[in-house]
Amino acid sequence: MRTPPKSGLAATVVLLALTGCGLLGTGGQGSGTDGKVTITLAGPNQWNASGSSFGPAWESLVDSFEKREPGIEVKTQVLPLDGFSQTITTQLAAGTAPELVFNQPPHKAHEVHALDAELQKPNPYVPGNQRWIDVFKKDYFGPGVSKALSKESGKLEYIPFNLVAIGLFYNKDAFAKAGIDEPPATWEDFRTACTKLKDAGFDPVALDKGGLAAGWTWESVSTQLIDKYYDEWNQFDATGKPGKAPTVTEKSMSKVIKEGTLTTRTPEVAESLRIYKEFFDCGTPNWTGVADGGATVGYRDFVSGKAAMSWGTDFAVEALKADAKFPLGTMPFPTITKATTPLSTDAPARYGASIGGTSYMIPSTVKDEKYAATIKFLQYMSSPAIKPWLDATGGLPAIEGVEPSPETAGLLEGEWGKPYRVTALPGGPEGTSFRDVFDGYLLEERTLEEELADLEKWWERGIEAGIKKNAWGDEDWAK
């Protein structure tokens, strides 16, 4: 069943939105000069279009590590965005990968070192630390976090350098000119802000023809209105067995739809659609003809000052700070309260950050002094020394005791930084664009009633496809 982007796509779009090139090859296999141990870190450039560097802030961070550890030299190998995954997968299988590789490419558990034992040892770069694992924010990384574990081995095999999150960037100057003192916290605030911004000559929200705004907005709206069903719909744990999960799973959602507990006639579905359309009505006129903005929706309109708000991820900050001529802020999606609809329970808007940002792992072929050097570098990247790099790139810290950059603090603000409790209402089968499902309604080519009838067909197709893909067909509810 096709669900909205969530953090996995937030991370993926960061990679796809940037264009860069780099040199292929294994790298890092030679010895360092002057008796130094040389290690190479290889991965895609998530911050700028350079094919040779992750940026000045990264180079400064590496320099600070090398000054702390003069016996170690760290090289950075930028891999092309359109080929890094295949390159790393191939190198890991062949045993030719450098000492540190980006964690997202497909691989086998035996091809990388499990780090569980190392994480039980002190991190020497964090004063007073007794166990490296304790420096991380427990909601995002650790043995109890399913997303942090290898699906094959159940081990911790990579170290996160930052978190990834989404939210709304806003132009502080535009808000001031429109007489908006604070970012809109509720949907009623958002309605008021939308009117004020239009009156002041701004498009309130930057939109484009890409699919990010369609998915992220649908998710943010619908998860609030169906939060009330958390206990009723929560029927399977994260492994698919009968039980409870922190977030109601796709399997649980499939079951309640298959059994007719949730249908497109459930009142919250139509209400989600109404509010969803209201958001798009507040956006860029004729948005279907606007070029895809990449990691920041409607990028050109936003950085030019034409639009006052834009969906984006924390990875967009470096580019935004370079191109925008106004001070930036970030804010959560507004909370839909009872003042807007009696179907609300005042459940707060939630999305949650995740470790799907920048993370690196050690190939199992790395041994002896090179292995020791990579561990030191990963430990350094899990210490307060990382803050200048995070501030420069807008990165959200994965460790305790480090505050996010001023531009991205709003992406973790309050309840928004916590995962939602119920998976969003679905669109169509996996691989279906949310624009395929909703565009006709958003563009007023279909009425609400027609959209609900059409959505029912999308759901039926999605449920059956999901049952087949996940091999749930033998379970009573799926028959």
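Residues numbered from 1 in each chain as written. Predicted model: local features only at pLDDT ≥ 70, side-chain atom pairs only at ≥ 80, totals over all residues. Heavy atoms only, no water.

A. Representation of the overall build of the chain. Scanning the chain from terminus to terminus reveals 15 helices and nine strands. Along the first, second and third principal axes, the C-alpha atoms of the chain reach 70 × 60 × 40 Å. The buried share among the 479 residues of the chain stands at 58%. About 19,200 Å² of surface is accessible on the chain, with carbon and sulfur atoms providing 51% of the total. Of the charged side chains in the chain, 48 are positive and 63 negative; the average position of the first set lies 2 Å away from that of the second. (Helix = DSSP H or I, 4+ residues; strand = E, 2+ residues; numbered from the N terminus. Buried < 20%, exposed > 50% of the residue type's maximum accessible area, 1.4 Å probe, protein only. Areas by Shrake-Rupley, 256 points an atom, 1.4 Å probe, with all protein chains shown as cover. Lys, Arg positive; Asp, Glu negative; His and termini not counted. Charge placed at Lys NZ, Arg CZ, Asp CG, Glu CD.)

B. Fine view of the sheet that holds strand β8 (residues 328-331). A sheet is described by the order of its strands in space; here four strands give the open sequence β6-β7-β5-β8, paired in mixed fashion. With one partner strand each, in any of the chains shown, β6 (203-206) and β8 form the two edges of the open sheet. Ignoring which end each strand starts from, the neighbouring axes of this sheet average 30° apart. Where β6 and strand β7 (residues 307-313) come together, three bridges link them in parallel fashion. Residue pairing in the sheet places aspartate 203 in a bridge with alanine 307 of β7. (Pairing = 2+ DSSP bridges. Axes fitted to C-alpha atoms, helices over the stretch in contact; angles between N-to-C directions.)

C. Representation of the nonpolar core. Trp233, Leu262, Phe279, Phe280, Trp311 and Phe438 are the most contacted members of the largest nonpolar core, which has 69 residues in total. Look past the residues within four positions of phenylalanine 438 in its chain and what remains in contact with it is Trp218, Leu273, Tyr276, Glu451 and Leu455. Residues Phe54, Ile72, Leu396 and Val402 belong to the second largest nonpolar core, which totals 64 residues. (Core = buried A, V, L, I, M, F, W, Y, C linked by side-chain atoms within 4.5 Å. Contact = heavy atoms within 4.5 Å.)

D. How the structure looks around the domain arrangement of the chain. Looking at the assigned domains, one finds that the chain contains domain 1 (37-164 + 357-409) and domain 2 (166-353 + 417-470). Centre-to-centre, using C-alpha coordinates, domain 1 lies 31 Å away from domain 2. Taken together, the 18 residues of domain 1 in the interface contact 11 residues of domain 2. Together domain 1 and domain 2 conceal approximately 1,300 Å² of surface at their shared face, both sides included; 54% is due to carbon and sulfur atoms. (Domains from an automatic or database assignment. Buried area = accessible area lost by both parts, 1.4 Å probe.)

E. View of unusual backbone geometry. Positive phi is not limited to glycine here, since aspartate 368 has a value of about 50°. Its location among the elements puts aspartate 368 in helix α12 (residues 368-380). Notably, alanine 471 is not glycine yet its phi reads approximately 55°, a positive angle. By the secondary structure assignment, alanine 471 is in the segment after α15 (448-469).

F. Representation of the pattern of salt bridges in the model. Enumeration over the complete set of coordinates arrives at 24 salt bridges. The salt bridge partner of aspartate 134 is arginine 131, with a shortest N-O separation of 2.8 Å. By relative accessible area, which is 30% here, aspartate 134 ends up partly exposed. Residue classification places arginine 131 among the partly exposed positions, given a relative accessible area of 33%. Put simply, aspartate 391 and lysine 387 hold a salt bridge, and the shortest N to O gap is 3.2 Å. Of the two residues, aspartate 391 and lysine 387 are both situated in helix α13 (residues 387-393); the distance of four residues between them amounts to about one turn of the helix. A residue is classified by how much of its surface remains accessible, and aspartate 391, at 25% relative accessible area, is partly exposed. By relative accessible area, lysine 387 is classed as partly exposed at 29%. (Salt bridge = Lys/Arg side-chain N within 4 Å of Asp/Glu carboxyl O.)

G. Main features of the sheet that holds strand β9 (residues 359-361). With mixed pairing, the five strands of this open sheet are ordered in space as β2-β1-β3-β9-β4. At either end of the open sheet lies a strand with only one pairing partner, and these are β2 (72-79) and β4 (159-160). The sheet contact formed by β4 and β9 spans two bridges and is antiparallel. Paired with isoleucine 159 across the strands is tyrosine 360, a residue of β9. Where helix α3 (residues 84-94) meets the sheet, it contacts β1 (37-44), β2, β3 (100-102) and β9, and its direction lies at approximately 140° from that of β3. Sheet contacts for α12: β1, β2, β3, β4 and β9; angle to β1, the most-contacted strand, approximately 55°.

H. The packing of aromatic side chains, seen in detail. Scanning all chains against the criterion turns up 36 aromatic pairs. Judged by centre distance (6.3 Å) and plane angle (50°), the rings of phenylalanine 236 and tryptophan 477 are tilted. Here the residue phenylalanine 236 occupies a position in the loop between α7 (230-233) and α8 (250-258), and tryptophan 477 occupies one in the segment after α15, the gap between them amounting to 241 residues. For the pair phenylalanine 236 and tryptophan 477, a shared accessibility class is recorded, and that class is buried. Ring geometry for phenylalanine 279 versus phenylalanine 333: centroids 5.7 Å apart, planes at 40°, classification tilted. Taken together, the residues phenylalanine 279 in helix α9 (residues 267-281) and phenylalanine 333 in the loop between β8 and β9 connect sequence positions 54 residues apart. Judged by its relative accessible area of 0%, phenylalanine 279 is buried. A relative accessible area of 2% means that phenylalanine 333 is categorised as buried. Between lysine 251 and the ring centre of phenylalanine 236, over which it is positioned, the NZ or CZ distance is 4.4 Å. (Phe/Tyr/Trp six-rings, centres within 6.5 Å; stacked < 30°, edge-to-face > 60°. Lys NZ or Arg CZ within 6 Å of the ring centre and 35° of its normal.)

I. Main features of the packing of helix α5 (residues 187-199) against α9. Where α5 meets α9, the closest approach of the two axes is 11 Å, and the angle between their N-to-C directions is 25°. Here α9 runs roughly parallel to α5, going by the angle between their axes. Where α5 crosses over α9, the two elements pack in a sense that is left-handed. Together, Trp187, Phe190, Arg191 and Lys198 of α5 and Ile275, Glu278, Phe279 and Asp281 of α9 make up the contact between the two elements. (Parallel < 35°, antiparallel > 145°, perpendicular 65-115°, else oblique. Left-handed = near helix turned anticlockwise from the far one by under 90°.)

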